[in-house]
Amino acid sequence: MKEIEQKLSGKIERLTNKTFKFDERIREGWFSAVYFLKTKKIAEEKLPNNHVTMQFFQKEEAVLCGADEVIALLHTFADKPETLEIKSLKDGDKISPYETVLTISGSYQQFGYLEGIIDGILARRTSVATNVYNVVKAARTSGVQKPVIFMGDRDDHYTTQAGDGYAAFIGGSTAQATHAMNEWWGKEGMGTMPHALIQMFRGDVVAAAEAYHEMFPDDELAALVDYNNDVITDSLKVAKKFGEKLKSVRLDTSRTLVDKYFLRNHHLMGTFDPRGVNPELLFALRKALDDEGFQHVKIMVSGGFTEERITEFEKAGVPVDMYGVGRSLLRLNFGFTGDLVLLNGSPEAKEGRRFRPNPRLELVEYSE
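Keep in mind that this is a model prediction, so the values were computed, not measured.

Draft legend 1. Inspection of the packing of helix 9 (residues 205–215) against helix 10 (residues 231–242) at higher detail. Helix 10 packs onto helix 9 with a crossing angle of 45° between their chain directions and a minimal axis gap of 9 Å. Here helix 9 is positioned oblique relative to helix 10, judged by the angle of their axes. Regarding helix 9 and helix 10, the two cross each other, and that crossing is right-handed. Facing helix 9, whose interface residues are Val-205, Val-206, Ala-209, Glu-210 and His-213, helix 10 presents Asp-234, Lys-237, Val-238, Lys-241 and Phe-242. Of the residues assigned to the contact of helix 9 with helix 10, the class counts are five nonpolar, one polar and four charged.

Draft legend 2. The pairing of strand 11 (residues 322–325), seen in detail. Taking every second residue as pointing to the same face, both faces of strand 11 are buried, with Met-322 and Gly-324 on one and Tyr-323 and Val-325 on the other. Of the pairings in the sheet, the one linking strand 6 (residues 148–150) to strand 11 comprises three bridges and is parallel in character. Considered in strand 11, the bridge of Phe-150 is made with Val-325. Taken together, the three bridges between strand 10 (residues 298–302) and strand 11 define a ladder with parallel strand orientation. Looking at strand 11, one finds that Val-301 is bridged to Tyr-323. Crossover strand 10 to strand 11 through helix 13 (residues 307–315) is right-handed.

Draft legend 3. Summary view of the pattern of salt bridges. This model, assessed by the stated rule, comprises 20 salt bridges. The shortest N-O distance in the salt bridge between Lys-7 and Asp-68 comes to 2.6 Å. Taken together, the positions of Lys-7 in helix 1 (residues 3–8) and Asp-68 in helix 4 (residues 67–77) put the pair 61 residues apart, joining distant regions of the chain. Residue class for Asp-68 comes out buried when judged on its relative accessible area of 0%. The partner of Asp-290 in a salt bridge is Arg-286, and the shortest N-O contact between them spans 3.1 Å. Taken as a pair, Asp-290 and Arg-286 lie in helix 12 (residues 279–291) at a separation of four residues, close to a single helical turn. Through salt bridges that share partners, Glu-69, Arg-124, Arg-125, Asp-156 and Asp-164 make up one connected network.

Draft legend 4. Structural view of the environment of Asn-17. Structurally, Asn-17 can be placed in helix 2 (residues 17–20). Separated by 53 residues in sequence, Asn-17 and Val-70 place their C-alpha atoms 9.9 Å apart. For Asn-17, the residues in contact, after removing those within four places along its chain, are Phe-22, Ala-72 and Thr-76. In this structure the side chain of Asn-17 is engaged in a polar contact, spanning 2.9 Å, whose partner is the backbone nitrogen of Lys-21. Looking at Asn-17, its side chain comes within polar contact range of the main-chain nitrogen of Phe-22, at 2.9 Å.

Draft legend 5. Examining the layout of surface pockets more closely. There is about 1,200 Å³ of room inside the largest pocket. Along its surface, the largest pocket is lined by 41 residues, and Ile-149, Met-151, Gly-191, Arg-250 and Met-300 are the ones closest to its centre. Looking at the lining of the largest pocket, the elements with two or more residues in it are strand 8 (221–224), strand 9 (246–251), strand 10 and strand 11. Counted by class, the lining of the largest pocket contains 17 nonpolar, 13 polar and 11 charged residues. Counted as a void, the second largest pocket has a volume near 640 Å³. Lining of the second largest pocket is provided by 21 residues; of these, Phe-22, Glu-69, Ile-121, Arg-125 and Thr-159 occupy positions nearest its centre.

Draft legend 6. The sheet that holds strand 1 (residues 52–57), seen in detail. Strand order in this open sheet of six strands is 13-12-1-5-3-14, and the pairing throughout is antiparallel. A single partner strand is all that each edge strand has here, and the edge strands are strand 13 (346–347) and strand 14 (362–363). Summarising the sheet, strand 1 and strand 5 (residues 102–106) pair through five bridges and their orientation is antiparallel. Across the sheet, Thr-53 pairs through a bridge with Ser-105, a residue of strand 5. Along the sheet, helix 4 contacts strand 3 (85–88) and strand 5; its crossing angle with strand 3, the most-contacted strand, is approximately 175°. In the packing of helix 6 (residues 115–138) onto the sheet, the strands contacted are strand 1, strand 5 and strand 12 (337–343), and the crossing angle to strand 1 comes to about 25°.

Cut-offs and rules
- Residues numbered from 1 in each chain as written.
- Predicted model: local features only at pLDDT ≥ 70, side-chain atom pairs only at ≥ 80, totals over all residues.
- Heavy atoms only, no water.
- Axes fitted to C-alpha atoms, helices over the stretch in contact; angles between N-to-C directions.
- Helix = DSSP H or I, 4+ residues; strand = E, 2+ residues; numbered from the N terminus.
- Parallel < 35°, antiparallel > 145°, perpendicular 65-115°, else oblique.
- Left-handed = near helix turned anticlockwise from the far one by under 90°.
- Contact = heavy atoms within 4.5 Å.
- Nonpolar A, V, L, I, M, F, W, Y, C, P; charged D, E, K, R; others polar.
- Buried < 20%, exposed > 50% of the residue type's maximum accessible area, 1.4 Å probe, protein only.
- Pairing = 2+ DSSP bridges.
- Right-handed = clockwise from strand over helix to strand, strands pointing away.
- Salt bridge = Lys/Arg side-chain N within 4 Å of Asp/Glu carboxyl O.
- Polar contact = N/O pair within 3.5 Å; in protein donor to acceptor, adjacent residues only side chain to side chain.
- 1 Å grid on protein atoms, 1.4 Å probe; cavity = no way out; pocket = protein on both sides within 12 Å on 5 of 7 lines; lining within 4 Å.
- Points joined across faces, edges and corners; volume = space filled by probe spheres on them.

Don't take any of this as a statement about function, it's just geometry.
Okay, here's the thing in structure tokens:
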């Protein structure tokens, strides 16, 4: 049983290093800024009895993620972690500007060299979780929640996928493109066909769909229909071939192209931007499918979708059933700061910073 299942069922409070699988070089300081390592040595030699409190915050409205990972980091690599006092909010908590999300109390040399790593974990995980949360929220603007598929595999280094997938799950996305994205939270990747499959069938979308359905008969059949830049024609071809077996079509038209539907219908042009996946094309596609008796076929869109663009589509009632989103979900919009704010029980902090107690913080029990 994955740890996330144990957590969701209440058997454990937080995920541990069994999930995160940290690089052991963290212990050597390989990923820590050198000045933290030097400060650790000075504290050990010159101030061995120091007792400090470090607090962490950021400056926006956000959805916190990375708390479990940070706690597991401390429990794995801090010196005598069982003696540290750690208080933290939880993954998925809504947080306010300057709200303290985490405090660590103990000797600096026990944990101080991990400060930058902690900031980075919280920054990336919270950024992805919040971005996804905002996109998922946008996708229910119409009053009906549309699924958001996390498709960020091509927009960042592959080693980020497991953590980003977990953060996307915390943000509300429950469908993701790769198995790695699902590793920490327990499902498998999902997906249908890329343009490459259609290319090998020389642009024959029906032939590509037939091959896919033959090889993966238990999958819900979803056809990618923009390869020939004629989405209505190709959608109807696939729908007529498969009937009820076809569950959805996906549009991923480049923002530099105008679909052939508009080139055949010049009288429609002149009042909107006809490039890419646009509302008018989707209204026309929905009507064409419905008129031919394919009301059951859902429409998925991808390619450059953001919170703002999804909100516009939803407010306009554009007939979209699913959104595939990638790059915009990986922007790092939230940075965290760790400050020492108490020294041996007394306030001591850099100018402009002070100890900010937060009654929402929960005391964390040590777990090996």
